[in-house]
Amino acid sequence: MKHLTLLSFLICCFGLETFAGEISGVITSSNGEPLPFASIYVRGTTTGTNANQEGRYTLELDEGDYELVYQYIGYKELIKSVVITSGDLLLNVTLEPESYELSQIVVAADAEDPAYRVIREAIKKRKYYRELVESYNCDVYIKGNQKLLDAPEKILGQEIGDFGGSLDSNRQGIVYLSESVSKLYYERPNTFKEVMISSKVSGNDNGFSFNQARLANFNFYDNKIDIGRPNISPIAQNALLFYEYKLEGVFYDKDGRLINKIAVIPKKELDPVFRGYIYITEDLWNIHSTELYLTKDATKIPVLDTLQLNQVFVPVKEDIWMMLSQTIRFRIKVIGFDVVGYFTGVTSNYEINTDYEKGFFTNEVFTVEKEANKKDTVYWNEFRPIPLTEEERLDYIKKDSLQIVWKSKEYLDSVDRKNNRFKPLSILTGYSYNRSYKKKYLEFEPPLNTLQFNAVQGFNLALQFSYRKEFDDIRSQWFSLEPEIQYGFSDNNFRGKARFTFNFNRTNFTRFYVEGGHIATQYNPNAITPSLNTGYALFGKKNYMKLYEKTFGKAWFRQEVVNGIFLITSLEYANRSALQNTTNYSFRGGRSEVPHNSNHPLDPTNFDLFFEEHQALTFNLSLRFRFNQKYLKYPDRKFIMGSKLPDIWLHYRRGIPVLGGDTDFDRLTFQVRDNLPMGLFGTSRFNVEGGWFLTDAELPFIDLKHFNGNQTIFADTRFYRNAFQLLPYYDYSTGSRFLQAHFEHHFDGFLWNKLPGLKKLGFQVVGGFHYLRTPEQGNYYEANIGIDNIGWKIFRFLRVDFFAGFKPGEPFQHRFLIGLNIPNN
């Protein structure tokens, strides 16, 4: 009893709190408002946590004496001394607003703001702090929460629904909630390895969180922070060209360090820059904390309203300060949806300057442990450093219950019964029949979508079906059957084909298909799209599509052999025959005597059959080499992150004179392509391809090397790096050596944003150069300058270019081109 009394006396004298196990409480301001995402850490360490949105926190500590630091940007630090013995304790704290002093700083009316002195000193020390820590490892907890504040009930007449029960009657609710615990390893200058130990996603016990600590490594000691596009750090080497600064005040932390609060103000509204506040420690000139945000104008992300980035750093030893917490808050508004969300992370247990064994860092930059998504509630209650809000707790309960319903046969069958109802208009609009519980899906494509016109077949219509069977929940293994029947109303000919595809996995992307049929196809499949040819043929009587008939069987296989080496191979046997025009019809002249261009690919006035019927057995092999390819490894799938090095392709094509095959040739092609980020100046892209025919004993026109041309005023911008926009489709086709090169630079607003009165339109300048050479035709050059990102808000599908083409000895060519920005599937 005597010892207990003495202990109690000492506690009272020194103002210590005594408890063991879990510390929890609420952090509020002096007026009682909770302080969301406030930081709590053990003084002198990086052991700590964040409060949640409601200001509630929990922190587990072993027995011992501690000083807890409570910190929130804009408020005075509070230090609580505690002795850990046994038991849990509720410890609520109140933080007072920070008092910013300016009275000691005298500034003349025409003098420079004192903030500039601080920023210049911070810029001088930027490289020092960026390179100070050679390596480290740490533990990272991240929680992500996205909530709909409003959602339309319909889009284009289609019901949106309630997102599987996520939305309440006010069209509000959490649509994504996840947590993760990872181990993060780092080595300078920018090498990371992350291992996700545990993951939880609300409503999906088989899912894995999108949270990745390395992707949230927003380091303001770097000159640029990539969010949408490279954004200039407030202490970048050239920051004074982009920002104005204002000293809002100074304050002292509990260790007597003077902290400068500096307002960061963009000089130009549309520049890639931050707004808000950065806190710099006097004399050390390091970042104490940040309260910065970006707008959609800065990031060029149309759907983004704002993105706020709050960081808190704590001293580990000497002048080494490490990030304790980071909270990213954002708001997105798009076509009636209003979404707010955040990702908040707590980083702890740093080990500084770790000596990693050789080979520790590999191209596998992110790994998810096999049982990461199988942790139970007991685990999360024990290891979750940031408490759930009441809304989050209820979301887990509700969606875990709904998940059982969503996966049940009764529920899936009821949904299918509703969606599988056949309506008379389904004959025109398409129809799908699903058996979701058994993962079987049947779809009938709308026939009107397939209605096309060309001078060989006239109007032609196709019936397309697809059947798909999946074998797992993540759609990694499946097979599909896709039959198609086509009829040409002018040549009165039925044609068709069918393909059977089997997808083996999503770890090395193994896929196989067999295909066969009787079809009309282009000499160069990429020459012109059927829809574009339909328009030109019907309205302008210019039929650019050149077709031949093929009865064929084909087997195709792909697989990633090892990381970075991708193989695609195929073998096809085909009977090929020439086709002729069968109609002169167009909207301009009906069935006039004025003919369409002939089906001859080289002479539009020659209406004879272009070649004699023959058979061909062709083998294709393509290898893509992507050195130093980074990737993410999940237990049942792999995600490719790409490489800083170019893609190198090797293509080999062989015409084999066996089994009745009438072709005998070998073609070898090398290709190099890459994207080159140029920071604020935009992005360059190039594609260089060269090759030759090793043998050409029997080389039909079909098997020549064809180049992508364009004789229309429309183009698909996805193929600008692989096409010549003023070149006739088959003029440069060759059976000899060839070289083509394409270069394009996208300025990403660098030039357009400097145009007064126009910069708010959000357009972007782009330019390019293209070169082609064959022995038969010599050199051909193209150059273009254009405006991209044309449109309104998120609807920016247009691009306009002026193209100029030149071939020595021939007249100069030029044309304006309308480009369509079509998203990749």
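What you see is a predicted model, and the numbers here were worked out from it, not measured in a lab. (Residues numbered from 1 in each chain as written. Predicted model: local features only at pLDDT ≥ 70, side-chain atom pairs only at ≥ 80, totals over all residues. Heavy atoms only, no water.)

1. Considerations on the overall build of the protein
- What the protein contains, in helices and strands, is 8 helices and 45 strands.
- Expressed as lengths along the three principal axes of its C-alpha atoms, the size of the protein is roughly 115 × 70 × 55 Å.
- Relative to its full complement of 825 residues, the protein shows a buried share of 49%.
- The contacts in the protein between residues at least 6 apart in sequence include a share of 61% that link residues at least 24 apart.
- Element-wise, carbon and sulfur atoms account for 56% of the exposed surface of the protein, whose accessible area totals about 40,200 Å².
- Computed over 96 positive and 98 negative side-chain charges, the inter-centroid distance for the protein is 4 Å. (Helix = DSSP H or I, 4+ residues; strand = E, 2+ residues; numbered from the N terminus. Buried < 20%, exposed > 50% of the residue type's maximum accessible area, 1.4 Å probe, protein only. Contact = heavy atoms within 4.5 Å. Areas by Shrake-Rupley, 256 points an atom, 1.4 Å probe, with all protein chains shown as cover. Lys, Arg positive; Asp, Glu negative; His and termini not counted. Charge placed at Lys NZ, Arg CZ, Asp CG, Glu CD.)

2. Observations regarding the pattern of salt bridges
- Counted according to the given criterion, the structure contains 39 salt bridges.
- Close ionic contact of Arg56 with Glu54 constitutes a salt bridge, the shortest N to O distance being 3.4 Å.
- When its relative accessible area of 31% is taken as the criterion, Arg56 is described as partly exposed.
- A relative accessible area of 31% means that Glu54 is categorised as partly exposed.
- Members of the salt-bridge network, linked through shared partners, are Arg43, Glu67, Asp253, Asp255 and Arg257. (Salt bridge = Lys/Arg side-chain N within 4 Å of Asp/Glu carboxyl O.)

3. Considerations on empty space enclosed by the protein
- In the structure shown here, the tally under the stated rule is 4 cavities of 30 Å³ or more.
- Looking at the largest cavity, its volume works out to about 60 Å³.
- Considering the residues around the largest cavity, the lining is formed by Gln71, Tyr72, Ile73, Gly74, Tyr75, Glu77, Phe251, Tyr279, His288 and Ser289.
- Here the lining of the largest cavity is composed, by residue class, of 5 nonpolar, 4 polar and 1 charged. (1 Å grid on protein atoms, 1.4 Å probe; cavity = no way out; pocket = protein on both sides within 12 Å on 5 of 7 lines; lining within 4 Å. Points joined across faces, edges and corners; volume = space filled by probe spheres on them. Nonpolar A, V, L, I, M, F, W, Y, C, P; charged D, E, K, R; others polar.)

4. Notes on a nonpolar patch on the surface
- Taken together, the side chains of Ile335, Ile713, Phe714, Trp792, Phe795, Phe797, Leu798, Val800, Phe816, Ile818, Leu820 and Ile822 present a nonpolar region at the surface, about 1,100 Å² in accessible area.
- Of all the secondary-structure elements, those providing two or more residues to the nonpolar patch are β44 (795-806) and β45 (813-820).
- Looking at the nonpolar patch, the element that brings in the most residues is β44, giving 4 residues. (Patch = residues over 30% accessible without salt bridge, like charges linked within 9 Å, V, L, I, M, F, W, Y side chains within 5 Å.)

5. Side note on unusual backbone geometry
- For the peptide bond that leads from Arg188 to Pro189, omega is 15 degrees, which places it in the cis range.
- Following the sequence through the fold, Pro189 ends up in the loop between β13 (173-187) and β14 (191-201).
- A positive phi is found at Ile335, a non-glycine position, where the angle reads about 35 degrees.
- Tracing the chain through its elements places Ile335 in the loop between β22 (320-334) and β23 (337-352).
- A positive phi is found at Asn789, a non-glycine position, where the angle reads about 65 degrees.

6. Topic: the packing of aromatic side chains
- Taken as a whole and assessed by the stated rule, the structure comprises 62 aromatic pairs.
- Arranged with centres 4.7 Å apart and planes meeting at 55 degrees, the rings of Phe681 and Phe750 form a pair that is tilted. Residue Phe681 is found in the loop between β38 (664-677) and β39 (683-698), and its partner Phe750 is found in the loop between β41 (738-746) and β42 (764-774); the two are separated by 69 residues along the sequence.
- Seen in terms of ring centroids, Tyr781 and Phe806 are 6.3 Å apart; in terms of plane orientation they differ by 25 degrees. Their pairing is stacked. Of this pair, Tyr781 sits in strand β43 (residues 778-792) while Phe806 is found in strand β44, placing the two residues 25 residues apart along the sequence.
- Overall, Phe806 belongs to the partly exposed group, its relative accessible area being 37%.
- Within the aromatic cluster, the residues linked to one another by ring pairs are Tyr467, Phe471, Phe479, Phe500, Phe502 and Phe504.
- In this structure, Lys550 is placed above the aromatic ring of Phe552, and the distance from its NZ or CZ to the ring centre is 4.8 Å. (Phe/Tyr/Trp six-rings, centres within 6.5 Å; stacked < 30°, edge-to-face > 60°. Lys NZ or Arg CZ within 6 Å of the ring centre and 35° of its normal.)

7. Re the side chain of Lys807
- Position of Lys807 relative to the elements: it lies in the loop between β44 and β45.
- Once you skip the residues sitting within four places of it in the chain, Lys807 turns out to touch Tyr732, Gln777, Asn779 and Tyr780.

8. Side note on helix α2 (residues 115-132)
- The end-to-end C-alpha distance of α2 is 25 Å, a good match for the 26 Å that 18 residues give at a rise of 1.5 Å each.
- Of all the bends in α2, the largest measures some 45 degrees and sits at Lys125.
- Taken as a whole, α2 has its buried residues at Ala115, Tyr116, Val118, Ile119, Ala122, Ile123, Arg126 and Tyr129.
- Packing partners of the buried residues in α2 comprise β17 (243-252), β18 (258-266) and β19 (275-281). (Expected span 1.5 Å × (residues − 1). Bend = angle between axes of the 7 residues up to and from the residue.)

9. Some thoughts on the packing of helix α5 (residues 390-407) against helix α6 (residues 409-419)
- Relative to each other, α5 and α6 sit at 65 degrees, their axes nearing to 4 Å. When α5 is examined against α6, the residues Val405, Trp406 and Lys407 are found in contact with a partner set consisting of Lys409, Tyr411 and Leu412. (Axes fitted to C-alpha atoms, helices over the stretch in contact; angles between N-to-C directions.)

10. Re the environment of Tyr771
- Mapping Tyr771 onto the fold places it in strand β42.
- Look past the residues within four positions of Tyr771 in its chain and what remains in contact with it is Phe724, Leu739, Gln740, Ala741, Asn779, Tyr780 and Tyr781.
- Looking at Tyr771, its side chain comes within polar contact range of the side chain of Asn779, at 2.6 Å. (Polar contact = N/O pair within 3.5 Å; in protein donor to acceptor, adjacent residues only side chain to side chain.)

11. Thoughts on the pairing of strand β16 (residues 229-232)
- Bridging between strand β15 (residues 224-227) and β16 involves 4 bridges; their strand directions are antiparallel. Each bridged residue has a counterpart across the sheet, and for Ile225 the counterpart in β16 is Asn231.
- Counted along the chain from β15 to the antiparallel partner β16, the turn is 1 residue long, and its residue Gly228 has a positive phi close to 80 degrees. (Pairing = 2+ DSSP bridges.)

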